[in-house]
Amino acid sequence: MKVLIATDKPFAPEATQKIQNIVETVGHTFEKLEKYTDKSQLLDVIKDANAVIIRSDIIDEEVMSNAPQLKVIVRAGAGYDNVDLKAATARGICVMNTPGQNANAVAELVFGMLIYQQRHGFDGSVGHEIRDRRLGLFAFGHVAKMVAKIARGFDMTVCSYSPILTHEDLRKEGELGVLPAYNAKDLFEKSDIVSLHMPLLDDTYHCVNYELLSLLPEDGILINSARKEVVNEDDLIRIMEERPKFQYITDVKPDKHDEFIARFPKCYFATPKKTGAQTSEANINAGLAAAQQIVDYFEKGDDRYRVNV
Ligand code: 3PG
């Protein structure tokens, strides 16, 4: 079987090497395409692949139709909104993700961005602390749980809202002292800072809107390490126009990035390129999990992390 890594944003070399070892040890062949600049390069290299490991790379109908041998796609990471699941199912392709493997990296970045912004980019001017501030977590998956854990060390008050809570989530909330919010409005009312951790789904598209944002305080902060599309950018711009102290901190650059920069230079921060999962540790965790999942899928039919039906 040919196992391909196709990543516009490459893994750390150590992770790539370890992925190659896992794949080759059991007799598969390995190929990689990194930093590609044109979709045609992906179309070319995927045409005889049986499995592919990707990150935020777009795998749509065109890519799949160009890969007749493709049996499994593993998104080394959490969100799989970049894969056309319906097209995969129609072609009998199994799509998996590697839940939790890069969660700590993203959670650490949430605090890195928050503190950087509260200290005005470390320019020496008087900033703010985050101790005692009320942090609201919108959704309570792997990243949110890590954020909650770190927030305890900062003496923040943490509450969370998730439309789906498992028994494990409830146990974790109790263990971490996270207060439950009853719905999204309740979460925003109870928070000074809201950090977004939901996947991009039909239900979450633009779910952070004017109504919710207006429930935060005048100097409220919205942090987005999830997906740009979950925020209604026009509504956010309206709030930031109305509230000169309101801040937007994001690892997923909005479509209206230039407008945010021009109009709210002090209250807006975006990483130049999505960097949450970009640590050597997260690359190794997610990349190796992806490689092992492929090996187990071919050897034992193990599809426990399958996300398409
Ligand atoms: C994820 O969904 O796992 C994160 O958004 C990380 O994405 P990346 O692998 O493209 O950095």
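Structure: above.
Now for a look at the structure at hand. These numbers were taken from a predicted model, which means no experiment stands behind them. (Residues numbered from 1 in each chain as written. Predicted model: local features only at pLDDT ≥ 70, side-chain atom pairs only at ≥ 80, totals over all residues. Heavy atoms only, no water.)

1. Some thoughts on the overall build of the chain
Within the chain one finds 12 helices and 12 strands. Considering the chain as a whole, with its 309 residues, one finds that 52% of them fall into the buried category. Summed over all atoms, the accessible surface of the chain reaches about 14,500 Å², with 51% contributed by carbon and sulfur. One way to put it: in the chain the 37 positive side-chain charges average out to a point 2 Å from where the 46 negative ones average out. (Helix = DSSP H or I, 4+ residues; strand = E, 2+ residues; numbered from the N terminus. Buried < 20%, exposed > 50% of the residue type's maximum accessible area, 1.4 Å probe, protein only. Areas by Shrake-Rupley, 256 points an atom, 1.4 Å probe, with all protein chains shown as cover. Lys, Arg positive; Asp, Glu negative; His and termini not counted. Charge placed at Lys NZ, Arg CZ, Asp CG, Glu CD.)

2. Considering the site of the ligand
All residues adjacent to the ligand are Lys 9, Arg 55, Ser 56, Arg 75, Gly 77, Ala 78, Gly 79, Asn 102, Arg 227, Lys 274 and Ala 277. Within the side chain of Arg 55, an N or O atom sits 2.9 Å from an oxygen atom of the ligand. Here an oxygen atom of the ligand and a side-chain polar atom of Ser 56 are 2.5 Å apart. The protein chains hide 94% of the 320 Å² of surface that the ligand would expose on its own. Looking at the shell around the ligand residue by residue, the class counts come to 2 nonpolar, 4 polar and 5 charged. (Near = heavy atom within 4 Å. Polar contact = N/O pair within 3.5 Å; in protein donor to acceptor, adjacent residues only side chain to side chain. Nonpolar A, V, L, I, M, F, W, Y, C, P; charged D, E, K, R; others polar.)

3. Overview of helix 5 (residues 103-118)
The end-to-end C-alpha distance of helix 5, which contains 16 residues, comes to 23 Å, matching closely the 22 Å that a straight helix rising 1.5 Å per residue would cover. Along helix 5, the residues that are buried comprise Ala 103, Ala 105, Val 106, Ala 107, Leu 109, Val 110, Phe 111, Met 113, Leu 114, Gln 117 and Gln 118. His 120 sits one or two residues past helix 5 and shows a positive phi near 55°. (Expected span 1.5 Å × (residues − 1).)

4. Some thoughts on the sheet that holds strand 12 (residues 268-270)
Read across the open sheet, the 7 strands follow the order 8-7-6-9-10-11-12; overall the sheet is parallel. Here the strands that pair on one side only, and so sit at the sheet edges, are strand 8 (179-180) and strand 12. Note: strand 6 (residues 134-138) against strand 7 (residues 157-161), 5 bridges, orientation parallel. Note on strand 7: the bridge partner recorded for Gly 136 is Cys 159. (Pairing = 2+ DSSP bridges.)

5. Describing the nonpolar core
One finds Phe 138, Phe 188, Leu 196, Val 208, Leu 222, Leu 236 and Met 240 to be the most contacted residues of the largest nonpolar core, which totals 32 residues. Elements with a minimum of two residues in this core: strand 7, helix 8 (184-189), strand 9 (193-196), helix 9 (210-213), helix 10 (233-242) and strand 12. With residues up to four places along the chain from it excluded, the contact list for Leu 196 reads Phe 138, Val 208, Leu 222, Ile 223, Asn 224, Ser 225, Ala 226, Val 230 and Val 231. By size, the runner-up hydrophobic cluster in this structure holds 27 residues, among which are Val 147, Ala 148, Val 158 and Ala 277. (Core = buried A, V, L, I, M, F, W, Y, C linked by side-chain atoms within 4.5 Å. Contact = heavy atoms within 4.5 Å.)

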